[in-house]
Amino acid sequence: MNASSDMSFFSLVAGASLPVQLVMLILIITSLFSWWYIFIKVATVKRAERDAEDFEDTFWSGGDLNKLYDSITSHRRKPQGMASIFEAGFKEYARHKQQTRMDVSDVMEGARRAMRAAYNREMDELDAHLPFLASVGSVSPYIGLFGTVWGIMNAFRGLSSVGQATLTQVAPGIAEALVATAIGLFAAIPAVIAYNRFASSVDRLSVRYESFMEEFTNILQRKS
Amino acid sequence: MLRQRENPDSFKAGVLSITVHAILLGALLVSFNWKTTHPVSIAEVELWDSLPAVNVPKPEVTPPVPVVKEPPKPEAKLEPKPEPVVEPKLEPKPEPEIAIKHEAPKKPIKKEPIKEPPKEPVKPVKKTDQLAELQKQLLQEPVEKPKKPPVNDALKKLQQESLSDSGTSAEPKVSAAKAGVVDEFKAKIQTKIRNNVNKSLCGDGNPEVKFEIALLPTGELGAAPKLTKSSGIAGCDDAVERAIRASEPLPLPEDKTLFPQFRTLKLTFHPSKD
């Protein structure tokens, strides 16, 4: 009604009804978390790729496996990625090797199981937070839409009590309701993009890990 | 919530996340024009005390004609008695004037009705003689006609009332002038409406339509025009009614005291005649 109605962003948010404000709050928190996870994921995935690269380089450089194992375990830090798979497999292999009465196939089976376990742990680490990003990507637009629908419902309900309906009476309500959808989309779009990108990165890493496991199994079999 | 190996990155990621949101908020505030400089729709309204009558000056010019013509008669008879008027400058004036006008109006006005009616019928009879004279008289007629009723009223008043007040002497002049203005504006209203009538709807005959209209002081119609006499052609009646509505606001004299005479007007139209 009044020509001087404040349409600034903050007054829109402040003027929204409580459910809409709650929806906005949930979406903003969700968006903050999803972005936090995105950045964490970017860092961890990048590091895992770099580690795999480095480890493959050193592994295929043809050095002594015992030395490699020693250098890995001598680190204070627990080995990660491909190194942890190598560490688990080689430890198991060496342990079985000491018991001379064991069959070669049993030794290989044990080493393989150990590597499989390490691989699963690694995959679990790499997959962390991806379900959250997927949920944010698919659900937050709906949450935003809910807030918008609620806000527009309010705007039109208020309009019904007025005899002469003008756009200026509905516009602020719709504008503030649309802010909810905007925030929902802002949370969802990066989450979906990040999810797809991380899923493909993790897939590629898992393929690398598995192929390394097969190759390392072959090497151990030759050794024994 | 966080894996152990993610801990070193968590703080950096948190800062980045907040940064991203701050950037988005900034972009939102900058890119959108949140300023609400509504183009305030100002409807400029000029307030008029009275109608913006374009023709107003004219009525003031024309009415003086009857006013001027009238006074001479009493004045002419005042002239023979200039002495009382000159000597007692202010106070005595009313008395002699009234006295004079008592005598004076009676004589001239009684003469007028007698003289004029004969003239009018007589001259049409003489038709053949002088067209010019006829025209002159016809031109004078509208001026003279309005005089009669107010003058007669004044006469009656003068006869009935006491002779003391000088104000009464002025009344006939004023009322006559007003009557001139009233007729002037009635004619203006009539012509304004007539100009808006779609004559083609009224056929070739000479239909007569009578309407009674109620006017507001602004010149607008107070109520729907009332058809008092139909022309027999519905389309013609409608055309005249539309013309009345289209003629709003109707011209009214500036003098608000005259308005009561315009409150209800009975207008007769001959749409095909013009």
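The model shown is predicted, which means the values in this text are computed figures rather than measured ones. (Residues numbered from 1 in each chain as written. Chains lettered and ligands numbered in written order. Predicted model: local features only at pLDDT ≥ 70, side-chain atom pairs only at ≥ 80, totals over all residues. Heavy atoms only, no water.)

Participant: Quick question: what am I supposed to make of the overall build of chain B here?
Facilitator: Assigned secondary structure in chain B consists of nine helices and three strands. Along the chain direction, N to C, the helices and strands of chain B fall in the order α-α-α-α-α-α-α-α-β-β-α-β. Counting the 274 residues in chain B, one finds 31% classified as buried. Contacts in chain B between residues at least 24 apart in sequence constitute 78% of all its contacts with a sequence separation of at least 6. Entry remark: accessible area of chain B is about 17500 Å², with carbon and sulfur atoms responsible for 59%. (Helix = DSSP H or I, 4+ residues; strand = E, 2+ residues; numbered from the N terminus. Buried < 20%, exposed > 50% of the residue type's maximum accessible area, 1.4 Å probe, protein only. Contact = heavy atoms within 4.5 Å. Areas by Shrake-Rupley, 256 points an atom, 1.4 Å probe, with all protein chains shown as cover.)

Participant: Teacher, can you tell me more about the overall build of chain A here?
Facilitator: Of the regular secondary structure elements, chain A holds seven helices and zero strands. Traced from its N-terminal end to its C-terminal end, chain A shows the element sequence α-α-α-α-α-α-α. Within chain A, buried positions represent 44% of all 224 residues. If you take every contact in chain A between residues at least 6 apart in sequence, the share linking residues at least 24 apart comes to 82%.

Participant: Please explain the environment of V107(A) as it appears in this structure.
Facilitator: All names here are of chain A. Looking at the element boundaries, V107 is found in helix α5 (residues 104–127). Residues V107 and Q221 lie 114 residues apart in sequence; the distance between their C-alpha atoms is 8.9 Å. The contacts of V107, once residues within four sequence positions are left out, are Y93, H96 and M102.

Participant: Explain the interface of chain A and chain B here, please?
Facilitator: One widely used convention gives an interface's size as the accessible area the parts lose upon coming together. With 29 residues of chain A at the contact, the number on the chain B side is 22 residues. Here chain A meets chain B over a buried area of about 2300 Å², counting both sides, of which 68% is carbon and sulfur. Its largest share of buried area at the contact with chain B, chain A owes to F9(A), W36(A) and F39(A), together 24% of the area lost on that side. Where chain A touches chain B, the interface holds one salt bridge. (Buried area = accessible area lost by both parts, 1.4 Å probe. Salt bridge = Lys/Arg side-chain N within 4 Å of Asp/Glu carboxyl O.)

Participant: I would appreciate a short explanation of the nonpolar core in the present structure.
Facilitator: Generally speaking, nonpolar side chains in soluble globular proteins are found buried as a group. If you look at the biggest cluster of nonpolar residues, it comprises 49 residues, and the most contacted ones within it are F55(A), F59(A), F86(A), Y209(A) and F216(A). Of all the elements in the fold, those that place two or more residues in this core are α2 (18–60), α3 (65–74), α4 (82–98), α5, α6 (130–160) and α7 (167–223) of chain A together with α1 (7–31) of chain B. The element that contributes the greatest number of residues to this core is α7(A), accounting for 13 residues. Other than its neighbours up to four places away in sequence, F216(A) contacts F59(A), L65(A), F86(A), G89(A), F90(A) and M115(A). Core analysis: the second largest hydrophobic core is formed by 25 residues, V181(B), V182(B), I189(B) and V209(B) among them. (Core = buried A, V, L, I, M, F, W, Y, C linked by side-chain atoms within 4.5 Å.)

Participant: Would you take a moment to explain the environment of E210(A) for this structure?
Facilitator: Residues and elements named next belong to chain A. Here E210 shows up in helix α7. Between the C-alpha atoms of E210 and I85, which are 125 residues apart in sequence, the distance is 9.7 Å. Residues in contact with E210, not counting those within four places in the same chain, are R116 and Y119.

Participant: I'm lost on the UniProt feature "transmembrane region" (unreviewed entry) in chain A in this one. Help?
Facilitator: All names here are of chain A. Following the UniProt record, one finds the feature "transmembrane region" (unreviewed entry) at residues 20–40, 130–153 and 173–195. Secondary structure content for residues 20–40 is 100% helix and 0% strand, while the C-alpha to C-alpha distance between its ends is 30 Å. Taken end to end, residues 173–195 is 100% helix and 0% strand, and its two terminal C-alpha atoms sit 34 Å from one another. (UniProt positions renumbered as here; feature names shortened; annotations may be inferred.)

Participant: So what exactly am I meant to see when it comes to the packing of aromatic side chains here?
Facilitator: What describes a pair of aromatic rings is the distance from one ring centre to the other and the angle between the planes of the rings. Counted by the stated rule, this structure contains 20 aromatic pairs over all chains. Taking 5.7 Å as the distance between ring centres and 75° as the angle between the ring planes, the aromatic pair formed by F59(A) and F216(A) counts as edge-to-face. One end of the pair, F59(A), is in helix α2; the other, F216(A), is in helix α7, with 157 residues separating them in the sequence. Given a relative accessible area of 6%, F59(A) falls into the buried group. Pairing Y69(A) with F90(A) gives two aromatic rings, centres 5.4 Å apart and planes at 40°, and the pair type is tilted. Of the two residues, Y69(A) sits in helix α3 while F90(A) sits in helix α4, which places them 21 residues apart along the sequence. One exposure class covers both Y69(A) and F90(A), and it is buried. Aromatic rings pair up to connect F55(A), F59(A), W60(A), Y69(A), F86(A), F90(A), Y93(A), F212(A) and F216(A) into one cluster. Its guanidinium or amino end placed over the ring of F185(B), K188(B) lies 4.6 Å from that ring's centre, counting from NZ or CZ. (Phe/Tyr/Trp six-rings, centres within 6.5 Å; stacked < 30°, edge-to-face > 60°. Lys NZ or Arg CZ within 6 Å of the ring centre and 35° of its normal.)

Participant: Would you mind showing me how to read the sheet that holds strand β1 (residues 209–214) of chain B here?
Facilitator: Think of a sheet as strands paired side by side through backbone hydrogen bonds, with each pair either parallel or antiparallel. Residues and elements named next belong to chain B. One open sheet holds the three strands; their spatial order is β2-β1-β3, and the pairing between them is antiparallel. Each edge of the open sheet carries a strand with a single partner, namely β2 (226–229) and β3 (264–269). The average undirected angle you get between the axes of adjacent strands in this sheet is 30°. Pairing analysis gives six bridges linking β1 to β3, with the strands arranged antiparallel. Bridged to E212 within β3 is K266. Packed onto the sheet, helix α9 (residues 234–246) meets β1, β2 and β3 and runs at close to 30° relative to β1. (Pairing = 2+ DSSP bridges. Axes fitted to C-alpha atoms, helices over the stretch in contact; angles between N-to-C directions.)

Participant: What should I look at first to understand the pattern of salt bridges in this one?
Facilitator: Once their charged atoms are close, side chains differing in charge can pair, the charge on each being opposite to the other. Residues and elements named next belong to chain A. Applying the stated rule across the entire model yields nine salt bridges over all chains. Across the salt bridge formed by R208 and E53, the nearest N and O atoms sit 2.9 Å from each other. Taken as a pair, R208 in helix α7 and E53 in helix α2 lie far apart in primary sequence, 155 residues in all. Where R116 meets E210, a salt bridge forms, and the shortest distance between an N and an O atom there is 3.6 Å. A residue pair is termed long-range when its members are at least 10 positions apart, and R116 in helix α5 and E210 in helix α7 qualify at 94 residues. Residue classification places R116 among the partly exposed positions, given a relative accessible area of 34%. Exposure remark for E210: the relative accessible area of 31% places this residue in the partly exposed category. The network of salt bridges with common partners includes E53, E56 and R208.

Participant: Looking at this structure, I do not really get a positive patch on the surface. What am I missing?
Facilitator: On the surface, K46(A), R50(A), R77(A), R197(A) and K12(B) cluster together to form a positively charged patch. Residue placement: R197(A) occurs in helix α7. The class of R197(A) is partly exposed, set by a relative accessible area of 47%. (Patch = residues over 30% accessible without salt bridge, like charges linked within 9 Å, V, L, I, M, F, W, Y side chains within 5 Å. Lys, Arg positive; Asp, Glu negative; His and termini not counted. Charge placed at Lys NZ, Arg CZ, Asp CG, Glu CD.)

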